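If you want the building blocks of each chain, they are given just below.
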Amino acid sequence: MEQEEIREGILGILEELHADVDFETQEKLVDDKILDSFDLVTLVTELGEEFDVQITAKDFVPQNFNSVQRLTEMILRLMDE
């Protein structure tokens, strides 16, 4: 799966959570509390199903969830493991 496909998949999941947010420009999704704890749990579940990865406690840190770019990098890394 290509990086752009992963990015688009992540954007689709995020837009289902909050259609009113421009996820392309946000770089502090967790720090600015755009995503709350329920959103993060939902996101972890959806990402796991969509990309067949397991996001563990060591990956569940704010910096991995603050932007689409960081999420894409995390998914790429998990797919390589």
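If you're wondering where the values come from, they're calculated on a predicted model, not measured in any experiment. (Residues numbered from 1 in each chain as written. Predicted model: local features only at pLDDT ≥ 70, side-chain atom pairs only at ≥ 80, totals over all residues. Heavy atoms only, no water.)

What about the overall build of the chain?
Then step 1. A count of helices and strands for the chain gives four helices and zero strands.
Then step 2. Listing the helices and strands of the chain from first to last along the sequence gives α-α-α-α.
Then step 3. Relative to the compact-globule value of 12 Å for 81 residues, the chain shows a C-alpha radius of gyration of 11 Å, a close match.
Then step 4. In terms of overall dimensions, the chain has C-alpha extents of about 30 × 25 × 20 Å along its principal axes.
Then step 5. Counting the 81 residues in the chain, one finds 40% classified as buried.
Then step 6. Summarising the internal contacts of the chain: among those between residues at least 6 apart in sequence, 55% fall at separations of at least 24.
Then step 7. Here the chain holds 6 positive side-chain charges and 22 negative ones, and the gap between their average locations is 11 Å. (Helix = DSSP H or I, 4+ residues; strand = E, 2+ residues; numbered from the N terminus. Rg over C-alpha atoms; globule rule 2.2 N^0.38 Å. Buried < 20%, exposed > 50% of the residue type's maximum accessible area, 1.4 Å probe, protein only. Contact = heavy atoms within 4.5 Å. Lys, Arg positive; Asp, Glu negative; His and termini not counted. Charge placed at Lys NZ, Arg CZ, Asp CG, Glu CD.)

Digging into the pattern of salt bridges
Then step 1. In this structure the tally under the stated criterion is five salt bridges.
Then step 2. Measuring nitrogen to oxygen at the nearest pair gives 3.0 Å for the salt bridge that ties R77 to D59. Of this pair, R77 sits in helix α4 (residues 68-80) while D59 is found in the loop between α2 (37-51) and α3 (62-65), placing the two residues 18 residues apart along the sequence.
Then step 3. Overall, R77 belongs to the partly exposed group, its relative accessible area being 32%.
Then step 4. Overlapping salt bridges, with partners in common, bring together K58, D59, R77 and E81 in one network. (Salt bridge = Lys/Arg side-chain N within 4 Å of Asp/Glu carboxyl O.)

Notes on the environment of F23
Then step 1. Relative to the helices and strands, F23 resides in the loop between α1 (3-17) and α2.
Then step 2. Accessibility expressed as a relative area gives 1% for F23, which makes it buried.
Then step 3. Sequence separation between F23 and I34 is eleven residues, and the spatial gap between their C-alpha atoms is 9.8 Å.
Then step 4. Every residue in contact with F23, bar those within four places of it in the chain, is listed here: L11, L14, E15, H18, L29, L35 and V68.

Here we look at the packing of α2 against α4
Then step 1. Contact geometry of α2 with α4 gives a least axis separation of 12 Å together with a crossing angle of 50 degrees. Between α2 and α4, the interaxial angle falls into the category oblique. In terms of crossing hand, the pair formed by α2 and α4 is right-handed. For the pair formed by α2 and α4, the contact residues are L43, L47 and F51 on the first element and L71, I75 and M79 on the second.
Then step 2. Of the residues belonging to the contact of α2 with α4, the class tally is six nonpolar, no polar and no charged. (Axes fitted to C-alpha atoms, helices over the stretch in contact; angles between N-to-C directions. Parallel < 35°, antiparallel > 145°, perpendicular 65-115°, else oblique. Left-handed = near helix turned anticlockwise from the far one by under 90°. Nonpolar A, V, L, I, M, F, W, Y, C, P; charged D, E, K, R; others polar.)

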